[in-house]
Structures are given as C-alpha cells and as structure tokens.
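Below, each chain spelled out in residue letters.
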Amino acid sequence: MIEFAASAPPLLSVRDLRAYFDTNDGVVRAVDGVSFDVRRGEVFAVVGESGSGKSVMATTIMGLPRTVRIASGEVRWKGRDLLQLPESEHRRIRGKEIAMIFQDPLTALNPVHQVGRQIGEMARIHEGLSRKAAGRRAIEMLDLVGIPEAAKRARMYPHEFSGGMRQRAMIAMAITCRPDLLIADEPTTALDVTVQAQVLEVLMRIKDEIDSAIMLITHDLGVVAGLADRVMVMYAGRTVEVGTAPELFYRARHPYTLGLLASLARLGARRDEPLVPIPGAPASSIEVPPGCAFNPRCSFVSSDGRCAQTRPELREATAPGHLAACHELEALDGVSVESVRRAGTGR
Amino acid sequence: MFRYIVRRILLIIPTIFLALSFLFALFFVLPGDPATLMAGGANRIVDPGVVERINERYGLDDPLLVQFGDYWKRTLQWDLGESFQNRRSVNDILGDKAVNSVRLAIWATLIEVVFGISIGLLSAMRRYSISDKLTTVVTAVASAVPVFVLGFLLQYAFAVQPHKHGWPDWMRLRTQGIGPNTWTLFFIPTGQTWRYLVLPAVVLAAGSTALAARMTRGSMLEVLGADYMRTARAKGLDGHQAVWHHGLRNAMLPVVTLIGIDFGLVIGAAVLTEKTFSWPGLGSEIADSVISRDLPVTMGLTLVVVLAFTVVNLVVDVSYAWLDPRIRLGQDRNS
C-alpha cells in the first residue's frame, strides 16, 4: 500500500518553504526551509511543540496569513505552485480542494450564523448551490459526521453545540466539497480527552469515505500513533525527522524525536516512574543558532563542534524515506527510546 | 425570539413605574413649594390665602400617598397638568415640541447611522492608511468641539458667507427656527423646510457620528482578527465577502447599543443644538421649564422623554437579540 502510494505523484509537494514574520524584535523564522510530500489518500502527521512553525506552515499552504513573508520555496498542488497563483485562483482551491479544520471550533465558527448555514456556505461558494440545496447538503454532512437529528441541529447555533459536536460540525464543513486534502490543525487540542478519540475516529472514517488525504498537525505524538501513515517532526521551523509511522515510532533516530518519545506517559509504567522531559526551553525563532537548532538541548552533541556550527541536512536514516537531520546519525544507531528514558531519569 | 420580545415588553412596566415615581419625588424635592410657585413665583411675596386655595384645589395638602395615587390616575389618562406660568396645557405644549424633537432626532440618527458606520468600516478595512489617520483626527475633533462652537462655525460658513457674497439661493441654509414646518411621511421635509433642518441635524449628529465611527472601527478591527474570519477565508470567500457575510453582523453588536442610546439622547438632551438654532424642541422647553420652576411642564415633558427612551431601548434590545442568537436563546433556555 505504502509502496504503491510512493510511486504515484504526490498530491502536495512542499519544497524549501520559508515563511518569516518581520517584527520589531527581528525576523521570526516561523518556517525555515521545510520540504515534504503528501500523497493521495495518506494520513501525514506533522508533530512539533508550540512555536515549531507547524500552524504557520499549514496556514501558509492555505494562503491565509496576511502578514507572513514567504522568503523562498514552493507549494506544489497537483503540479501548480500555490504561492505563485493569483489570489482569485487560489481561492477556488481553498475549501474545495484543500480544506482546513481549526483548533478551537468555538471561535472558528461564526457565533451569529446557524451551523447549517455555515456548512452550506461551502457548497454555495464552490458549487453554486441554491440556499435550499445548500441547506440539504449541510444536513447530509452533519449526518455523515455522526451528529444525531441533523436536520434540527443544522438550525442551531455554535454555542448550542458541545465541544465535540462543534468540532464535528467543523469537520462537516471542511468535507462539504469533498476536498482532496484536509489540513487538521490540532483538531482535538481544545477537546476533552474522551471526546478527542471520538472526533479522531470520525475524521478517519470520513477520510476513507471521501477518499482524501489528511495532514494532521499536532503537538501530541500519542494522537498520531496508530492513525498516521507517515510522520514529520518539526523543531524551530525545520524538519528534524520524517518517515513512516512504524519507522519513526520504533526506529527513531533524531535526538529530539527520541526525547519526545521518551517523554510520553506510558500505560503500564510503574506508579513511581517519573515523566522524562526534554531539558531546556524551545528554541527562539528569532535568534536561530547557526548549527542545529536543537543542539543546546541535545545530549548527543558531537565533540568536534559541528552541531553548533553547521546546519545538518536531512539524510537517510534506517530505511528509504526515513530521513533525519542530525550530524550524529551513525553514532545514534542502536540508541533506543528506553535508553533515553533511563538516562533522563538517572536509573 | 417571540418569547424574548414578550418578556422584554413586560419589563417596560416596572421601568415606567419607577420612572414615574422618581418624577413624582422630583415634585417635592425640587426647591420651592408648588403652591407658592403657582401663586406667583418663588421671589415674590404671595398672599397666603391664595396659596391655601391653590393647595385645596390641587389637593396639595392631601397625604403623600393620595397625591401619588392621583398623579398616577391623571398620568394614565394622559392628563399631564397645566403650566404654572401660563396655564397652558402640558399636553398641548408637548404636541408641538415632541414632534419637532423627534423629527430632528430621526435625521440626526440617520446621519449617525449612515456616516458613522460607513466611515468606521472604511477606516477599519484600510487600517493605518492616510484616510484612516485622517478619520481618527477628525472624529476626535468632532467629539471634542462643543455643539455651540460647531453650530456657530457652520452657521457662518453655510449661511452668513453665502449671504454676504451673494451665492446662489440653493446654497444658502437657514440658521434660526423651523421655517414653514411642512413635512411628508412625518419626517421628510417639504418646501423650504430642509434649509432649516440641515444645520441643526448635522450639528446634533456630529458628536455621536464621530463616536459611532470610532466604535465601528474598533469593533470591526476586533472582528477582522477573529478566528471565524480566518475560517471564512479558508472556505474560499474573498476578503470583502468575508467582511460582508461574517464580519459585519458581529461588528455591529456594540454599535447598535450606542445608536439606541444616542437616539434617546438626541430627543431629550438636544438643548444646546435647539438653543443654537432656535429649534422648537423638547430639550430647550425642558431647560426653560426647569429654570422657571414650571414643574408640571418639567415633569410632563420628562415623562415623554422617559417613554421615548424606553421604547428605543426595547427596539435596541430586540435588534440586539436578532443580531446575536446567543442573547436570544440564552434567555430562552434559562427561563
């Protein structure tokens, strides 16, 4: 399945994307040279902590931020570079071919419009449906995401929905035009843990139903496990590691990924086992160190000073398609998550 | 929605009861014994016999509660008493003045709505442009300049100057009074009346228009940064569609409240404008009656202003609920 997908041309192909914000304090390098492909029908997860640039990257692909400066790169969508597209044509892709699900459905939905109307609007914009037909479509979509009594719910307002239902409504809105790619930016972060699982389940079911790819953006590796086909880990606006989910979870090579995996709370861990944090604070996107952005926090820094001097390029790690940006890849061969965890707890 | 409106209308009853009670208290709190005032005024020595007869005739010696009851009875029958000054019925005085006031208020509010909102919207959408900065300065000045200063300046520019330099007749505006006082559809001036209406309406609207513009700008800027506006663009709407379909209604919420309050204010508190242009309205009449201690007139006219405020507030609340479902439905569920 993965082999087949790999041979087909990618749906979305991002190359060396750099998205900067010019602020009074300096240039914020929110996205600093990211490249990746999303293939038709796959779940591509982007993992990183707050401020790692994943959301800016997503909204830049959508062409949403007004203040961002695209310093370089291309975002190829079905062969066309979205960054070069005139706004009017980019708009026709937005929502119809690439749709986005936002983090906080309460603020992302308009409080003064009925939910059904907001969903139907998508069809009205892109398919020119009448108000009536759009209303019927909205009910259909609400039904599809598993909202009971969809016809009644469609006439309600966002504040009358529970958090989980709002996010379902958000999903219903995004899939109205059966997009080829759904970008879900932290779709479950604002939700209760119990509801998170339901919403993710809906998302995955829908994906199969409308046959779209999903770019799942999250800070939570736990969410990604079991859902994603491929995972990209970002740090300080750069890709540090990318690979298939099994490769990444079982044969992670980058020290940051290893740290993330080691810091996950485990079921079945002993009660007194402490959580293992990654030492230090996330890198500033303004004063980016010249070498590897992670090197001040890394416990595998090479002795020859390369890590602080030169920026590591992505290299093949354990298998084709599994890339990591680290100077010490070879030395890390054989380092397991368990050993990082033990080192972190001092046991 | 229907239940909300009914509940809101029922709320008017206690509001009016309270307002009337305050007005009644006013009668006793204001300096000067009513009977003495009626007999000739506060500054002259009056015949005690006359005072006594007046007290008797108007029941001013009765216990307070009885008087309160009488006052209620009269007011509910829409008998507002008569002026101490000239025995003119307050109902008659009201008839002329209230209508003039409401006409002026309608035009001032129309100016506020049309210019305040559109200027504010343009300002917000072209934030930090030259026109935005200019608007900020002009609105700050407009809300700071006293009404009479602005009034005299405009009188000079649009009435005195044209007259001096013999400008064509259609460019000349009038500065005093209400002119022929002819109207169609209640508020649209006919004949020459518009020449008399323009300046007072503009002056009366100036301050509130500036405020409305500033508030619209601020509110719109806040809305433009809202998550749902980003959602709207992520759907594929262009900037203008997003503002029109998703931004406007949210941005108008605070502005509607402001405009409602302003409409009440320009009915009752347009004293300075009315004085400057000799516009025969309620505000100047109330001011006059307070100065001459003409209590029935003060009370009767104030009552009408209170009623106007109540009705306008009702309209504001209903439109607010119409604009924002969170208010309408939140109320329904909690009841």
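Values in this document were obtained by computation on a predicted structure and should not be read as measured data.

Colleague: Teacher, can you tell me more about the pairing of strand β10 (residues 238–244) of chain A here?
Modeller: For a regular strand, side chains alternate in direction, first toward one face of the sheet and then toward the other. All names here are of chain A. For β10, a buried count of 6 out of 7 residues is recorded, marking the element as mostly surrounded by other parts of the structure. Bridge count between strand β9 (residues 230–235) and β10: 6 bridges; the pairing is antiparallel. Within β10, the position partnered with Y235 by the bridge is R238. Between β9 and β10, which follow one another and run antiparallel, lie 2 residues, and A236 among them has a positive phi close to 50°.

Colleague: Is there a simple way to think about unusual backbone geometry in this case?
Modeller: Trans is the common state for peptide bonds, and a negative phi is the common state for residues other than glycine. All names here are of chain A. Within the chain, R178 stands out as a residue other than glycine whose phi angle is a positive 45°. Exposure remark for R178: the 13 C-beta atoms within 10 Å place this residue in the partly exposed category. With phi around 50°, E186 is a residue other than glycine that occupies positive phi space. Looking at the element boundaries, E186 is found in the loop between β7 (181–185) and α9 (193–210).

Colleague: Is there a simple way to explain the confidence of the model for chain A in this structure?
Modeller: Detailed reading of the predicted coordinates is not advisable wherever pLDDT falls low. Mean pLDDT for chain A: 89, with 97% of residues reaching 70 or above. Scored below 50 in pLDDT, residues 1–5 of chain A shows 6 contacts in the model against residues more than four places distant or in partner chains.

Colleague: Just checking my understanding: could you explain the sheet that holds strand β4 (residues 69–77) of chain A for this structure?
Modeller: Each strand in a sheet pairs with another by means of backbone hydrogen bonds, the pair being arranged parallel or else antiparallel. Overall, antiparallel pairing links the 4 strands, which are arranged β2-β1-β4-β5 (chain A) in an open sheet. Of all strands in the sheet, those bounded by a partner on one side alone are β2 (26–38) and β5 (80–81) of chain A.

Colleague: Looking at this structure, how should I read the domain arrangement of chain B?
Modeller: Note: interface size is frequently given as the accessible area lost on complex formation between the parts. Residue and element names in this part refer to chain B. The domain boundaries assigned to chain B delineate domain 1 (2–76) and domain 2 (90–334). Each of domain 1 and domain 2 was reduced to a C-alpha centroid, and the two centroids are 33 Å apart. Each partner contributes to the interface: domain 1 provides 18 residues, whereas domain 2 provides 14 residues. Breaking the side of domain 1 that touches domain 2 down by element, the ones donating at least two residues are α1 (2–10), α2 (12–29) and α3 (34–39). With 8 residues, α2 is the single largest residue contributor to the side of domain 1 that touches domain 2.

Colleague: Just checking my understanding: could you explain the packing of α1(B) against helix α14 (residues 295–323) of chain B for this structure?
Modeller: Between two packed helices, what matters for the description is the angle formed by their axes and the separation of those axes. Residue and element names in this part refer to chain B. At their nearest, the axes of α1 and α14 sit 10 Å apart, and the two run at 160° to each other. In terms of axis orientation, α1 runs roughly antiparallel to α14. In the crossing of α1 with α14, the sense of the turn from one axis to the other is right-handed. Note on element contacts: α14 touches α1 through L314, D317, V318 and A321, opposite Y4, I5, R8 and I9.

Colleague: Looking at this structure, how should I read the packing of helix α10 (residues 227–234) of chain B against helix α11 (residues 239–268) of chain B?
Modeller: Residues and elements named next belong to chain B. Close contact between α10 and α11 brings their axes to 10 Å; oriented N to C, the two are set at 140°. With respect to each other, α10 and α11 are oriented oblique. Crossing of α10 over α11 shows right-handed handedness. Listed contacts from α11 to Y228, M229, A232 and R233 of α10 are A242, H246 and G247. For the contact of α10 with α11, a count of residues per class yields 4 nonpolar, 2 polar and 1 charged.

Colleague: Just checking my understanding: could you explain helix α8 (residues 147–164) of chain B for this structure?
Modeller: Structural remark: α-helix, 3.6 residues per turn; residues separated by three or four positions point the same way. Residue and element names in this part refer to chain B. Look at α8: 24 Å from first C-alpha to last across 18 residues, which is about the 26 Å you get at 1.5 Å a residue. When the local axis directions of α8 are compared, the greatest deviation, roughly 35°, occurs at Y156. Within the sequence span of α8, burial applies to L150, G151, L154 and F158. Along its buried surface, α8 packs onto α9 (193–224) and α12 (271–276).

Colleague: I'm lost on the interface of chain B and chain A in this one. Help?
Modeller: Taken together, the contact between chain B and chain A spans 19 residues of the former and 23 residues of the latter. Of all the secondary-structure elements, those providing two or more residues to the side of chain B that touches chain A are α10, α11 and α15 (325–334) of chain B. At 6 residues, α10(B) tops the list of elements feeding residues into the side of chain B that touches chain A. Tallied by class, the residues present in the side of chain B that touches chain A amount to 7 nonpolar, 4 polar and 8 charged.

Colleague: Looking at this model, I keep getting lost on the nonpolar core. Mind explaining?
Modeller: Inside soluble globular proteins, nonpolar side chains tend to come together where they are buried. The biggest cluster of nonpolar side chains holds 162 residues, and the ones touching the most others in it are A:L142, A:A169, A:I171, A:I183 and A:M215. When residues of this core are assigned to their parent elements, the largest contribution, 16 residues, is made by α9(B). Those residues in contact with A:I171 that sit more than four places away from it in its chain are A:I101, A:V145, A:V202, A:L203 and A:I206. B:A35, B:L37, B:I54 and B:L295 belong to the second-largest nonpolar core, a separate cluster that totals 8 residues.

Colleague: What am I meant to see in the environment of B:L154 here?
Modeller: All names here are of chain B. Assignment of secondary structure puts L154 in helix α8. Between the C-alpha atoms of L154 and T175, which are 21 residues apart in sequence, the distance is 9.1 Å. Leave out the neighbours within four places in its chain, and L154 touches L199, V202 and V203.

Colleague: Got a minute to help me understand the domain arrangement of chain A in this structure?
Modeller: Residue and element names in this part refer to chain A. Its domain assignment divides chain A into domain 1 (2–233) and domain 2 (254–345). The C-alpha-based centres of domain 1 and domain 2 are spaced at 29 Å. Listed as interface residues are 12 residues of domain 1 and, on the opposing side, 10 residues of domain 2. When contributions to the side of domain 1 that touches domain 2 are tallied by element, the ones reaching two or more residues are β2 and α10 (221–224). For the side of domain 1 that touches domain 2, the leading source of residues is β2, giving 6 residues. When grouped by side-chain class, the residues that make up the side of domain 1 that touches domain 2 number 5 nonpolar, 3 polar and 4 charged.

Colleague: Looking at this model, I keep getting lost on the sheet that holds β10(A). Mind explaining?
Modeller: All names here are of chain A. Spatial strand order, β6-β7-β8-β3-β9-β10-β12-β11: 8 strands in an open sheet with mixed pairing. The open sheet has two free edges, formed respectively by β6 (98–101) and β11 (315–316), since each of these has just one partner strand. Taken together, the 5 bridges between strand β3 (residues 43–47) and strand β8 (residues 213–218) define a ladder with parallel strand orientation. Bridge pairing in β8 links F44 to M215.

Thresholds applied
- Residues numbered from 1 in each chain as written.
- Chains lettered and ligands numbered in written order.
- Predicted model: local features only at pLDDT ≥ 70, side-chain atom pairs only at ≥ 80, totals over all residues.
- Buried ≥ 20, exposed ≤ 12 C-beta atoms within 10 Å, placed from the backbone.
- Helix = DSSP H or I, 4+ residues; strand = E, 2+ residues; numbered from the N terminus.
- Pairing = 2+ DSSP bridges.
- pLDDT = per-residue confidence, 0-100.
- Contact = placed C-beta atoms within 7 Å.
- Domains from an automatic or database assignment.
- Axes fitted to C-alpha atoms, helices over the stretch in contact; angles between N-to-C directions.
- Parallel < 35°, antiparallel > 145°, perpendicular 65-115°, else oblique.
- Left-handed = near helix turned anticlockwise from the far one by under 90°.
- Nonpolar A, V, L, I, M, F, W, Y, C, P; charged D, E, K, R; others polar.
- Expected span 1.5 Å × (residues − 1).
- Bend = angle between axes of the 7 residues up to and from the residue.
- Core = buried A, V, L, I, M, F, W, Y, C linked by C-beta atoms within 7 Å.

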